[in-house]
Amino acid sequence: MSTAPPDTGGGTWTAGLRDRLSRTVPADQLLPDRQPAYVASWIYVFGVLTLAGLIVVVGSGLVLSFGGAIWWHTSSLGHFVNSVHLWSVELFFACMVIHLWGKFWMAAWRGHRGLTWVTGVVAFVASIGAAFTGYLTQSNFDSQWISGEAKDGINSIGVGSWFNVLNPGQMLMWHIVLLPLAVGVIAVLHILMVRRHGVVPPLGDEEVSS
Amino acid sequence: MTTTTTLRPGRRTPDSHGYPTRSYDLVKEFVLALGLMTALSLVLAGIFSSPDDPSITMSGWAKADPADVVATAAGELAGTTTSATYGAPYNHASEGQSVLGLQLQKWGGVGVPVDSADLVLQPLRGVTGDPRTSLALAAWDALPASAQTAAATAYADALAKAPDGDPAQVPAGRYGPLPAMTAAFLRLAQGGGLEGSLTSSGTFYGGDQTRSMLLLSDGAYLEDTAVADHLGGDQWGMMNEVGNYPGQPWMWLYTFWYQVKPFSTSENADAQVWMLMMGLTLALILLPWIPGLRSIPRWIPVHRLIWREHYRRQRT
């Protein structure tokens, strides 16, 4: 008795996308349970700590969003959640900066990893923007002073008409929607690239081409 | 999948997948990291909390420094305050800042138009049941524009020369309705009538504080309060926040330039610092392709510390 060959969906857009994804990051590289033996230093921990910090930042921000923009001024619980948000941001940046320096000293852009470096730096810059807009939307004295000072910098390069730091409504939208989305998307791309290329080999192991 | 790659002629970075491996639990590492970061955030929040100094209200400003409110109101009407002479994006009063001959601020256009005189006139026109205010506004409206400016400028100058800026100690002069208008503005502010009056353009919901912030920034009280809290521009204020909290230390380099010459004394410091920082950021992004900079990790062998186990194994 003959059996029909399995339908692999060849030629469909779905199959094409699936093939593309599996070629980009094969399943065994996406979540491997083994790593090169040279991955043996505390500096490697700061990448995953940065990712964990980002999740705590987003999580505490989500809790804050339940109460609204000024909840934390009137509620002790809200103030505590705001404090968690603040300190998670400080920890996130501390880990990210250490991670960045670590990758610099590893020259981690070697071996087709240039775009991984680029996405990492862009994520850092976007994170600065996300944190900055957070300081502008605190609706307290700090945000009054910081926005009053920051407007001169933003206006001096001609973007004040579209990015008005004195408008907390606009800054809140940037802080809770646009910039977190940007940081999140870039972070996902960054991690996929790390998984695709693997951890950069040690300096000095370069092969001499013939 | 990574293959061997040319770093420079004759040198290839090997494929990381070709190295000996060891067991490594990525998911466990992530879960532990998430637990650690969550615990640290909770502990730090519990111990240090977070700063929340209340915002300065218009009535608070008027009660704490009434002379500053009067001087600011006179300046807005005279067209001499920072916002009145700012340029883009608020008005066309100046060319704004430039760098290397590029008038970036002006090129941005006036996208957030603000008439500084309206920061005073609009709230005053909303006052009802106060004959003194109505008479002062009628007298103001009856003056030609040049006379309005002359009267406001004369009064602003007189206030600047008066002891402590005290309006009561201003000598008699040709100030038109300015003393009555600014006094009415002060009464309005002290009574809380300015709160929210500038935050929207006649709509119920006011989420835009641009005009309120410009008015507050035009006075001296906001900056005096910030400087007293070590938040001035020349006190690394951009990266700090009230109290002893860490603020935004990741902005240290941006803030640093404002502390040193030529930026600390330049009229175009903001544009210059921004251009410099954008250039440095671009260099950081493109570092892998910049000869010299990309070789620093080879010259300063910090990597010998990072991969010391690997190098030790190689030697044996």
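As shown above, the structure is provided for reference.
Residues numbered from 1 in each chain as written. Chains lettered and ligands numbered in written order. Predicted model: local features only at pLDDT ≥ 70, side-chain atom pairs only at ≥ 80, totals over all residues.

For the rest of this paragraph, the subject is helix H10 (residues 221–228) of chain B. Taken as a whole, H10(B) has its buried residues at Leu222(B), Thr225(B) and Ala226(B). End-on, the buried residues of H10(B) take up no more than an arc of 95°, which puts them together on one face. Packing partners of the buried residues in H10(B) comprise helix H7 (141–156) of chain A together with helix H9 (210–218) of chain B. Within two residues after H10(B), His230(B) carries a phi angle of roughly 60°, on the positive side. (Buried ≥ 20, exposed ≤ 12 C-beta atoms within 10 Å, placed from the backbone. Helix = DSSP H or I, 4+ residues; strand = E, 2+ residues; numbered from the N terminus. Arc of directions from axis to C-beta. Contact = placed C-beta atoms within 7 Å.)

Turning our eyes to something else, we now look at the packing of helix H5 (residues 118–125) of chain B against helix H8 (residues 178–190) of chain B. All names here are of chain B. Contact pair H5 / H8: the axes reach a minimum separation of 10 Å and the direction vectors enclose 70°. With respect to H8, the element H5 is oriented roughly perpendicular. Along the contact surface, H5 presents Val120, Pro123 and Leu124, while H8 presents Met181, Ala184, Phe185 and Leu188. Of the residues contributing to the contact of H5 with H8, the split by class is 7 nonpolar, no polar and no charged. (Axes fitted to C-alpha atoms, helices over the stretch in contact; angles between N-to-C directions. Parallel < 35°, antiparallel > 145°, perpendicular 65-115°, else oblique. Nonpolar A, V, L, I, M, F, W, Y, C, P; charged D, E, K, R; others polar.)

So, about the packing of H7(A) against helix H12 (residues 269–285) of chain B. Axis angle and axis distance: for two packed helices, these are the angle between their axes and the distance between the axes, and together they describe the pair. Following both chains from N to C, one finds H7(A) and H12(B) inclined at 70°, their axes separated by 8 Å at the closest point. Taken together, the axes of H7(A) and H12(B) lie roughly perpendicular to each other. As H7(A) packs across H12(B), the resulting crossing turns out to be right-handed. Contacts between H7(A) and H12(B) involve Asp152(A), Gly153(A) and Ser156(A) from the former and Asp270(B), Ala271(B) and Trp274(B) from the latter. Its residues assigned to classes, the contact of H7(A) with H12(B) comprises 2 nonpolar, 2 polar and 2 charged. (Left-handed = near helix turned anticlockwise from the far one by under 90°.)

Mapping Ser83(A) onto the fold places it in helix H5 (residues 76–105). Between the C-alpha atoms of Ser83(A) and Leu192(A), which are 109 residues apart in sequence, the distance is 32 Å. The contact partners of Ser83(A), leaving out residues within four places of it in the chain, are Ala45(B), Ser49(B) and Ser50(B).

Before going further, it helps to spend a moment on the nonpolar core. In this structure, Ala74(B), Tyr155(B), Phe185(B) and Ala189(B) are the most contacted members of the largest nonpolar core, which totals 91 residues. In terms of residue count, the dominant contributor to this core is H5(A) (10 residues). Sequence-distant contacts of Phe185(B), defined by excluding residues within four places in its chain, comprise Val69(B), Ala73(B), Val120(B) and Leu124(B). (Core = buried A, V, L, I, M, F, W, Y, C linked by C-beta atoms within 7 Å.)

Residue-level contacts link 85 residues of chain A with 84 residues of chain B. The dominant element in the side of chain A that touches chain B, judged by the number of residues it contributes, is H5(A), at 14 residues. Here the side of chain A that touches chain B is composed, by residue class, of 47 nonpolar, 28 polar and 10 charged. Two strands pair when backbone bridges link them, and strand E1 (residues 34–36) of chain A and strand E3 (residues 21–23) of chain B are joined in this way by 3 bridges, in the antiparallel orientation. When the sheet's bridge partners are listed, Gln35(A) is paired in E3(B) with Arg22(B). (Pairing = 2+ DSSP bridges.)

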